[in-house]
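Take a look at the letters that make up each chain.
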Amino acid sequence: MPEKVTYLEGQLTENEDGDSLEDVKISKPLNAETAPETQELANGNAEEEPTTRLYKRRWAIVFLFSAYSMCNSFQWIQYGIINNIFMKFYSVTSFTIDWMSMIYMCTYIPLIFPVTWLLDKKGLRVIALVGSALNCIGAWIKTASVRPDLFGVTFFGQFMCSVAQVFILGMPSRIASVWFGSEEVSTACSIAVFGNQLGIAVGFLIPPLLVPNVDDFDELARHVSIMFYGTASMATLLFILVIFVFQEQPRLPPSKAKAAIQAISSEQYSYLQSILKLVRNPPFILLIVTYGINTGCFYAVSTLLNKMVIEHYPGEEINAGRIGLTIVISGMVGSLICGIWLDKTKSYKKTTLVVYIMSLVGMVVYAFTLNLGYLWVVFITAGSLGFFMTGYLPLGFEFAVELTYPESEGTSSGLLNMAAQVFGIIFTISQGKIIDNFGTLPGNIFLSVFLLLGTIMTGFIKADLRRQKANQSTEPTRPEGDLQDLASTPVIIKEEKL
């Protein structure tokens, strides 16, 4: 008797001898009455291609995104890390310079829904072009603001960069899902997030080196100008690369889960219904709150780092930048390790909970060692804090995709980031006021209390890994150019033939 075949979610796996199709079990693709792919073999074409494949271009896409994300996040922190110098140059208050960071958070909140809608309607390439273009425009506007009476111009340039951030911050999980296979998707997301973290790291390191705290305003303007023109040149180069390199999506999907999503017709998809499904998902709502608390704490610490360090170590602007660099570099290492770990183990809930607990521990230790008078201790404790707090970012993105599949990755990531901006604004303003009135220790304890709350809430998140379930029992994804054994490759056949 001929060997039987198995039909899984719209794909037919033939036996090597191509025997008769008897006793075939049929199940339609997820959320689709009839998948578009089922029309591909109307006449039983024998020369079928693999239904999934990995393309080498995926690495160029993720690293290019990482690069222009880095440029944007550099501009986010370039004012805050030399807060006292820009206060003097533009004759404004410390709180005004804090708004150069918080404008990123405020802009994100009202724009995230239109941008995620545009991402769903127009795709990755349009979002990448708009994001990199706005980042470039904002950087060039800043080059025209190098005069003490032009703070409004530099603020407008920062506003343009903050709008660009809305087109950047929620992209990592979408790029990973569209271009990468199920065994590397978390690593790819970590690489995409890596660029944002690297930009913050460079933003902590370079401004204190390029813009020294001098009293001569002409010399100070020259140093600021060098920083602004260098940033604008880099942003322009990256925008040009996006035009010529960035591609919408691969011709064939990289995983079975992504293939199932692509099988859903545009008429069946509703952005509003997708949002409603997400807000009715209790595990995802818990994740939104916990992600917002953790990332909001990171935003507050990054924005106020210069103020906290200078209060205990006067004149140490360069070391304040180096401490910030240590926080982010260690976090970048943590992100990559967590991404690789997730791809190997798929233990999203346990990994997220452990990293959250360690973020709390790191925050408490940092709070009680900042005022000891030893900079080397601050470097160690800040690095430990960064390893877990910054390393948490890609974990949140990937956990959200698992909990909300098959909804849009851009929408779920956008809601996470919106929560992060809300908590970031609240924490930055509140901690800044606490530090001004009571000192750094009460301010950092304030953040520690919220991290404790977030840790408890993380323990209640139910690990419903929907994307992993969709990827179970699938054939391995074929790398580009690997066309051997096509006879045994899953293929799509017309349903009427069965």
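Residues numbered from 1 in each chain as written. Predicted model: local features only at pLDDT ≥ 70, side-chain atom pairs only at ≥ 80, totals over all residues. Heavy atoms only, no water.

Visitor: Could you clarify how one ought to interpret the packing of helix α1 (residues 57–77) against helix α7 (residues 185–210) in this entry?
Guide: The geometry of a pair of packed helices is captured by two quantities: the angle between their axes and the separation between those axes. At a minimum axis separation of 7 Å, α1 and α7 run at an interaxial angle of 35°. The handedness of the crossing between α1 and α7 is right-handed. Residues of the contact of α1 with α7, tallied by class, amount to 18 nonpolar, seven polar and no charged. (Axes fitted to C-alpha atoms, helices over the stretch in contact; angles between N-to-C directions. Helix = DSSP H or I, 4+ residues; strand = E, 2+ residues; numbered from the N terminus. Left-handed = near helix turned anticlockwise from the far one by under 90°. Nonpolar A, V, L, I, M, F, W, Y, C, P; charged D, E, K, R; others polar.)

Visitor: Would you mind going over a nonpolar patch on the surface with me for this structure?
Guide: On the surface, Val 354, Ile 357, Met 358, Val 361 and Val 365 cluster together into a nonpolar patch covering about 360 Å² of accessible area. By secondary structure assignment, the location of Ile 357 is in helix α13 (residues 348–369). (Patch = residues over 30% accessible without salt bridge, like charges linked within 9 Å, V, L, I, M, F, W, Y side chains within 5 Å. Areas by Shrake-Rupley, 256 points an atom, 1.4 Å probe, with all protein chains shown as cover. Salt bridge = Lys/Arg side-chain N within 4 Å of Asp/Glu carboxyl O.)

Visitor: Explain the nonpolar core here, please?
Guide: It is characteristic of soluble globular proteins that their nonpolar side chains tend to be buried jointly. With 128 residues, the main nonpolar core has Phe 86, Met 171, Ile 175, Phe 246 and Tyr 366 as its most contacted residues. The element contributing the most residues to this core is helix α11 (residues 282–312), with 14 residues. In this structure Met 171 touches Phe 65, Tyr 68, Leu 119, Leu 124, Ile 127, Ala 128 and Phe 246, once residues within four positions along its chain are discounted. (Core = buried A, V, L, I, M, F, W, Y, C linked by side-chain atoms within 4.5 Å. Buried < 20%, exposed > 50% of the residue type's maximum accessible area, 1.4 Å probe, protein only. Contact = heavy atoms within 4.5 Å.)

Visitor: Mind showing me how you'd approach the side chain of Thr 303 here?
Guide: Within the secondary structure, Thr 303 sits in helix α11. When its relative accessible area of 3% is taken as the criterion, Thr 303 is described as buried. Here Ser 101 takes part through its side chain, which lies 2.9 Å from a polar atom of the side chain of Thr 303. Among the polar contacts listed, one links the side chain of Thr 303 to the backbone oxygen of Tyr 299, at a separation of 2.8 Å. (Polar contact = N/O pair within 3.5 Å; in protein donor to acceptor, adjacent residues only side chain to side chain.)

Visitor: So what exactly am I meant to see when it comes to the confidence of the model for the chain here?
Guide: Detailed reading of predicted coordinates is not advised where the pLDDT is low. Per-residue confidence for the chain averages 79 on the pLDDT scale, and 82% of its residues sit at or above 70. Long-range and interchain partners of residues 1–50, a stretch whose pLDDT sits below 50, account for 98 contacts in this model, where long-range means more than four residues apart. Every residue in residues 474–498 scores below 50 in pLDDT, and together they form 65 contacts with partners more than four places removed in sequence or on other chains. (pLDDT = per-residue confidence, 0-100.)

Visitor: Teacher, can you tell me more about unusual backbone geometry here?
Guide: Among all residues except glycine, the phi angle is most often negative; among peptide bonds, the trans geometry is most common. With a phi close to 55°, Ser 91 is a non-glycine residue in the positive phi region. Topologically, Ser 91 is positioned in the loop between α2 (83–90) and α3 (94–122).

Visitor: Is there a simple way to explain the pattern of salt bridges in this structure?
Guide: This structure, assessed with the given rule, holds six salt bridges. A salt bridge links Asp 98 to Lys 307; the shortest N-O distance between them is 3.9 Å. Of the two residues, Asp 98 is situated in helix α3 and Lys 307 in helix α11; the sequence distance between them amounts to 209 residues. Residue Lys 307 is classed as buried on the basis of its relative accessible area, which comes to 18%. Where salt bridges share partners, they join Asp 98, Lys 307 and Asp 436 into one cluster.

Visitor: Looking at this model, I keep getting lost on helix α5 (residues 151–166). Mind explaining?
Guide: Given 3.6 residues per turn, any residue in an α-helix points the same way as the ones three and four places further on. In a regular helix each residue adds 1.5 Å, so 16 residues correspond to 22 Å; α5 covers 23 Å between its end C-alpha atoms and thus fits that length. If you follow the buried residues of α5, they end up packed against α1, α2, α3, α4 (124–143), α8 (217–245) and α16 (409–438). (Expected span 1.5 Å × (residues − 1).)

Visitor: Would you mind showing me how to read the environment of Ala 382 here?
Guide: Along the chain, Ala 382 turns up in helix α14 (residues 375–389). Judged by its relative accessible area of 0%, Ala 382 is buried. Ignoring any residue separated from it by four or fewer positions in sequence, one finds Ala 382 in contact with Ile 323, Ile 327 and Tyr 366.

Visitor: What exactly am I supposed to notice about the environment of Phe 397 here?
Guide: Relative to the helices and strands, Phe 397 is located in helix α15 (residues 392–404). Taking the C-alpha atoms as reference, Phe 397 lies 9.7 Å from Met 171; in sequence the two are 226 residues apart. Ignoring any residue separated from it by four or fewer positions in sequence, one finds Phe 397 in contact with Leu 169, Pro 172, Ser 173, Cys 189, Val 193, Tyr 291, Ser 413, Leu 416 and Asn 417.

Visitor: I tried to follow the packing of aromatic side chains on my own but got confused; where do I start?
Guide: Aromatic ring pairs are reported here in terms of the distance separating the ring centres and the angle at which the planes meet. Summed over the entire model, instances satisfying the criterion amount to 22 aromatic pairs. Between Tyr 79 and Phe 86, the ring centres sit 4.8 Å apart and the planes meet at 50°, which makes this aromatic pair tilted. On the numbers, 5.9 Å between centres and 90° between planes, the contact of Phe 427 with Phe 446 is edge-to-face. Here the residue Phe 427 occupies a position in helix α16, and Phe 446 occupies one in helix α17 (residues 440–458), the gap between them amounting to 19 residues. In textbook terms, an aromatic cluster arises when at least three aromatic residues are bridged by ring pairs, as seen for Tyr 79, Phe 86, Phe 89, Tyr 90, Phe 151, Phe 155, Phe 217 and Phe 228. Directly above the ring of Phe 95 sits Lys 433, whose terminal nitrogen or CZ lies 5.0 Å from the centroid. (Phe/Tyr/Trp six-rings, centres within 6.5 Å; stacked < 30°, edge-to-face > 60°. Lys NZ or Arg CZ within 6 Å of the ring centre and 35° of its normal.)

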